[in-house]
Amino acid sequence: MTKLSDQYLTFDNSEGLIDSHLYDMILDCFNKSYKGICDMFNYGELRKTSIVPAPDYDGVAATYSGEAKVIMSTKYYAKNKLDADSLTHEWIHVAQNYDHFEPGWLTEGLADYGREKFGIYNKEAGWSLPKYNEKQHYTNAYRVTAAFLVWLEDNVCKDIAWKLNDVMKRNVYTDQCWVEFTGKTVDELWADYAKANS
Ligand SMILES: [Zn+2]
């Protein structure tokens with residue numbers, strides 16, 4: 001059987017820059033979740049994508065959305081050999097492929113929301129969504145925003161993430177979208193989230 005990774009992923013590790021077990025985990029993640037990611041974040045269209053190990057990059061991983069290219073820091077992954085699903089986060093950026101990244105907190109919140117939904121090895125990597133605390137705000141991005149989105153999905157609007165991604169893709173996102181989808185502003189929703197989790 002042809003694997004999704006044979007058709008849609010270029011990941012050359014011939015120089016052995018990425019630990020071979022981690023490499024296998026990343027391929028496993030791709031084969032298990034890339035279709036679901038593209039269904040959710042790219043209307044079902046599978047984009048061909050690539051991963052390039054980057055010895056000079058000091059971050060974790062980054063996506064060049066236009067080229068559907070992901071770079072991964074060899075330094076970071078040498079120390080974090082189970083963090084395969086950080087690539088899941090990046091593949092969501094590949095699928096999002098927004099013209100405009102802003103608001104960045106929402107783009108990153110949706111990517112971590114997707115990592116929570118589609119991740120295979122989050123537990124192994126010690127990665128999970130945080131519980132609410134009063135120091136948080138929805139604009140914190142990443143996991144904080146993702147936890148808020150999961151709560152909204154469970155309690156307010158079951159396809160909120162799909163809808164937000166859709167308006168981001170069509171470049172028509174405004175604050176008013178929250179009101180359209182839920183009847184409340186994002187600040188009101190955040191207040192409800194805080195109240196329900198305090
Ligand atoms: Zn990101």
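Higher on the page you've got the structure.
Residues numbered from 1 in each chain as written. Predicted model: local features only at pLDDT ≥ 70, side-chain atom pairs only at ≥ 80, totals over all residues.

> Give a detailed account of the overall build of the protein chain, specifying residues and quantitative values.
Secondary structure assignment for the protein chain yields nine helices and four strands. Along the protein chain, from the amino end to the carboxyl end, the secondary structure elements read α-β-α-β-β-β-α-α-α-α-α-α-α. Dimensions of the protein chain, computed from C-alpha atoms along their principal axes, come out at roughly 50 × 30 × 30 Å. When each of the 198 residues of the protein chain is scored for burial, the buried share is 33%. Intrachain contacts of the protein chain at a sequence separation of at least 6 include 64% that bridge at least 24 residues. (Helix = DSSP H or I, 4+ residues; strand = E, 2+ residues; numbered from the N terminus. Buried ≥ 20, exposed ≤ 12 C-beta atoms within 10 Å, placed from the backbone. Contact = placed C-beta atoms within 7 Å.)

> Please provide a residue-by-residue account of the pairing of strand S3 (residues 61-64), values included.
Note that S3 and strand S4 (residues 69-73) share four bridges and pair antiparallel. Looking at the pairing, Ala62 lines up with Ile71 of S4. Hairpin connection from S3 to S4: four residues lie between these consecutive antiparallel strands, with Ala68 at a positive phi of about 55 degrees. (Pairing = 2+ DSSP bridges.)

> Give me the pairing of S4: which residues, what numbers.
One ladder, built from five bridges, connects strand S2 (residues 49-54) with S4; its direction is parallel. If you follow Ala54 over to S4, its bridge partner there is Ser73.

> Residue-level account of unusual backbone geometry, with values.
The omega torsion across Glu102 and Pro103 is -5 degrees, close enough to zero to call that bond cis. The backbone phi angle of Ala141 is positive, close to 70 degrees, even though this residue is not glycine. Locating Ala141 in the fold gives a position in the loop between helix H5 (104-118) and helix H6 (142-155). A residue is classified by how many C-beta atoms lie within 10 Å of it, and Ala141, with 19 of them, is partly exposed.

> A description of the environment of Ala62 should follow, citing residues and the corresponding values.
Residue position: Ala62 is located in strand S3. Once the C-alpha coordinates of Ala62 and Glu90 are considered, the two residues, 28 residues apart in sequence, prove to be 6.7 Å apart.

> I'd like a description of the sheet that holds S3, backed by residues and values.
Spatially, the four strands line up as an open sheet ordered S1-S2-S4-S3, and their pairing is mixed. The open sheet has two edge strands, strand S1 (9-11) and S3, and neither has a second partner. Strand-to-strand twist in this sheet, taken as the mean axis angle between neighbours without regard to direction, amounts to 20 degrees. Sitting on the sheet, helix H4 (residues 86-96) is in contact with S2, S3 and S4, with an inclination near 15 degrees to S3. (Axes fitted to C-alpha atoms, helices over the stretch in contact; angles between N-to-C directions.)

Purely spatial values, then, with no claim about function.
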